[in-house]
Amino acid sequence: MNRRDILKTAGLVAVGSALMPFDSLLKGAVPTNDKLTENDNQTGLLSGRRKLGKSLEVSSVGLGVQNMSRTYQTTIPNRKQMHSIIQKAFDNGVTLFDTAEAYGPFECEKILGEATSSFRDKIVIETKFGWNIDQQTGARLPGLNSKPDHIKLVVEGMLKRLKTDRIDLLFQHRVDPEVPIEDVVGTIQDLIKQGKVLHYGLSEPGVETVRRAHKIHPVTAIQNEYSLLWRGPEQKILPLCEELGIGFVAWSPLGVGFTTGAIDANTKFAQGDIRGGETRFSPENITKNLAMVEVLKNWAEKKNATPGQISLAWLLHQKPWVVPIPGTTQMEHMLENAGADNVKFSSIEFQQFSKELDAIKIAGDRLPPFVQQFSDVEAPLKTK
């Protein structure tokens with residue numbers, strides 16, 4: 001089954017899944033290489049390394065495991081096959097693996113822990129807390145929960161599920177509008193002192209919240225949606241990361257499948273698929289936005305690559321501290337995504353590519369309002 005077939009029947013089972021849907025930073029441009037063979041691009045062998053924050057080294061492309069417990073179609077993937085994808089990713093050079101307590105809930109952390117136990121010390125595991133999830137039953141409760149006692153309880157569960165004694169990079173999944181970021185970071189500092197957490201980051205945060213957090217303890221990375229379909233981080237977050245020396249992890253780097261060519265004007269989204277409520281995929285907007293996919297297809301032909309690889313390569317070219325984490329439950333797609341590290345642009349090529357992209361204005365919003373409300377939130381000020 002190809003990407004288009006998979007996504008045409010995709011259905012998202014819960015808003016939580018959609019939401020729940022790197023020494024000093026390197027400076028300068030990413031090295032370029034004009035000529036690569038088709039086999040080079042498709043091997044999936046990944047040798048590139050990047051740094052998040054001051055010292056956390058990871059592979060230039062990571063792997064998201066969000067759907068490995070339950071796909072967009074609400075089917076349950078074969079657990080052993082998911083283990084095989086994770087293990088093959090490691091064999092092919094991937095060292096950054098992304099999950100969260102909310103994925104499942106809990107199940108994706110368990111799958112990742114089961115798959116990586118034999119090479120745990122050779123990889124970076126990042127996971128996320130912050131949704132209001134009952135730690136005993138896994139029931140999703142209303143809203144968010146970043147209260148200090150809850151964070152500590154969540155981390156204990158994470159360590160057990162991941163079969164590890166520490167979390168390399170712990171993200172606050174969304175900023176809690178009821179808990180001062182000072183209390184959140186203070187709790188994380190305690191966990192760092194205990195050796196249970198090594199680095200921390202924030203996902204979809206407000207700019208001032210990042211500054212406040214960074215003053216207390218350096219933020220290693222920000223994790224936001226970023227792709228050719230959604231370039232919002234370029235306005236404030238990427239400049240902030242460059243200013244403060246913070247890495248950037250890009251979730252949904254393939255534009256929820258759009259930049260792979262898996263979605264077209266005839267795509268029908270299943271009931272419950274959040275993309276069906278995104279105006280960027282409405283009938284009046286999708287035909288306009290497909291112009292970008294045509295650009296990707298043209299460049300894919302020029303570079304002996306796939307449209308998805310071209311879109312990931314574009315992200316990698318932005319900054320040397322940007323790391324995409326495409327997710328998949330398909331072995332061939334994981335290998336394809338890892339192969340994007342082999343696709344390079346000369347300076348002239350990238351100028352031309354950028355010119356063609358800039359001529360296209362993406363129409364519509366990235367998320368429905370009831371989902372978007374959880375992004376760009378500022379934590380309340382701490383009072384005595």
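Here the structure is a predicted model, which means the values were calculated and not measured. Throughout this document, residue positions are counted from 1 along each chain, in the order its sequence is written. Note on the predicted model: pLDDT of at least 70 is required for a residue's local features to be given, and 80 or more for side-chain atom pairs to be given and counted; whole-chain, interface and lining totals, by contrast, use all residues. Hydrogens and waters are ignored; side-chain quantities use all the structure's heavy atoms.

K.L.:
I would appreciate a short explanation of the overall build of the protein chain in the present structure.
P.N.:
Numbered from the N terminus, helices here are DSSP runs of H or I no shorter than four residues, and strands are runs of E no shorter than two. A count of helical and extended segments in the protein chain gives 14 helices and twelve strands. With a 1.4 Å probe rolled over the protein chains alone, any residue whose accessible area is under 20% of its type maximum counts as buried; one over 50% counts as exposed, and the rest are partly exposed. Looking at the protein chain residue by residue over its 384 residues, the buried ones come to 61%.

K.L.:
Just to check I follow, could you spell out unusual backbone geometry for this structure?
P.N.:
With the exception of glycine, most residues fall at negative phi, and the peptide bonds are largely trans. At the junction of G104 and P105, the peptide bond is cis and its omega measures out at -15° in the coordinates. Relative to the helices and strands, P105 resides in the loop between strand 4 (96–98) and helix 5 (107–116). Non-glycine residue F106 carries a positive phi angle of around 75°. One non-glycine residue, N304, adopts positive backbone phi at about 55°.

K.L.:
Is there a simple way to think about the pairing of strand 9 (residues 197–203) in this case?
P.N.:
Consecutive side chains of a regular strand alternate in pointing toward one face of the sheet and then the other. Judged by how many residues are buried, strand 9 sits mostly within the fold: six of seven residues are covered. Two strands pair under a simple rule: DSSP has to find at least two bridges between them. Pairing geometry for strand 8 (residues 167–172) and strand 9, over five bridges, is parallel. Each residue of the ladder has a partner; that of L169, found in strand 9, is H199. Place the viewer so that the strands point away; then a crossover is right-handed whenever the path from the first strand over the helix to the second strand goes clockwise. In terms of handedness, the path from strand 9 via helix 8 (residues 207–216) over to strand 10 (residues 221–225) forms a crossover that is right-handed.

K.L.:
Is there a simple way to think about the nonpolar core in this case?
P.N.:
Joining through side-chain atoms within 4.5 Å is the link that ties buried Ala, Val, Leu, Ile, Met, Phe, Trp, Tyr and Cys residues into a set, and such a set is a nonpolar core. Core analysis: the largest hydrophobic core is formed by 90 residues, its most contacted members being L63, I86, F97, F248, F258, I310 and F353. Among the elements that make up this core, the one with the highest residue count is helix 10 (residues 283–302) (eight residues). Among the nonpolar cores identified, the runner-up in size contains twelve residues, and V58, A221, V249 and I325 belong to it.

K.L.:
Even after reading the chapter, I still don't get the confidence of the model for the protein chain, so can you show me in this structure?
P.N.:
It should be kept in mind that the predicted coordinates are not to be read in detail where pLDDT is low. Residue-level pLDDT values for the protein chain average 89, and 88% of them are 70 or greater. The predictor reports its confidence for every residue as pLDDT, a score running from 0 up to 100. Any pair of residues with heavy atoms lying within 4.5 Å of one another is described as a contacting pair. Every residue in residues 1–40 scores below 50 in pLDDT, and together they form 124 contacts with partners more than four places removed in sequence or on other chains.

K.L.:
Sorry if this is basic, but what is going on with the packing of aromatic side chains here?
P.N.:
Aromatic ring pairs are described here by two measures, namely the spacing of the ring centres and the angle between the planes. Centres within 6.5 Å make a pair out of two Phe, Tyr or Trp rings, where for Trp the six-membered ring is used; the pair is then stacked when the planes are under 30 degrees apart, edge-to-face when over 60, and tilted otherwise. As enumerated under the stated definition, the model contains eleven aromatic pairs in all. Measuring from ring centre to ring centre gives 5.3 Å for W299 and F353, while their planes differ by 40°; the resulting arrangement is tilted. A residue pair is termed long-range when its members are at least 10 positions apart, and W299 in helix 10 and F353 in helix 13 (residues 347–358) qualify at 54 residues. Looking at K302, its charged tip hangs above the ring of W299, at a distance of 4.1 Å from the centre. Comment: the charge-over-ring label is applied if NZ (Lys) or CZ (Arg) is within 6 Å of the ring centre and within 35 degrees of the ring normal.

K.L.:
So what exactly am I meant to see when it comes to the packing of helix 10 against helix 11 (residues 307–318) here?
P.N.:
Axis angle and axis distance: for two packed helices, these are the angle between their axes and the distance between the axes, and together they describe the pair. The angle between two axes is taken between their N-to-C directions and runs from 0 to 180 degrees, where each axis is a line fitted to C-alpha atoms and a helix contributes only its stretch in contact. Direction vectors running N to C along helix 10 and helix 11 enclose 95°, while the axes themselves pass 8 Å from each other. Taken together, the axis directions place helix 10 and helix 11 in an arrangement best described as roughly perpendicular. Every residue of helix 11 that contacts helix 10 at L296, K297, W299 and A300 is listed here: P307, I310 and S311. In terms of residue class, the contact of helix 10 with helix 11 is built from five nonpolar, one polar and one charged. Just so you know how the angles are binned, under 35 degrees is roughly parallel, over 145 roughly antiparallel, 65 to 115 roughly perpendicular, and the rest oblique. Residues are grouped as follows: Ala, Val, Leu, Ile, Met, Phe, Trp, Tyr, Cys and Pro are nonpolar; Asp, Glu, Lys and Arg are charged; every other residue, Gly included, is polar.

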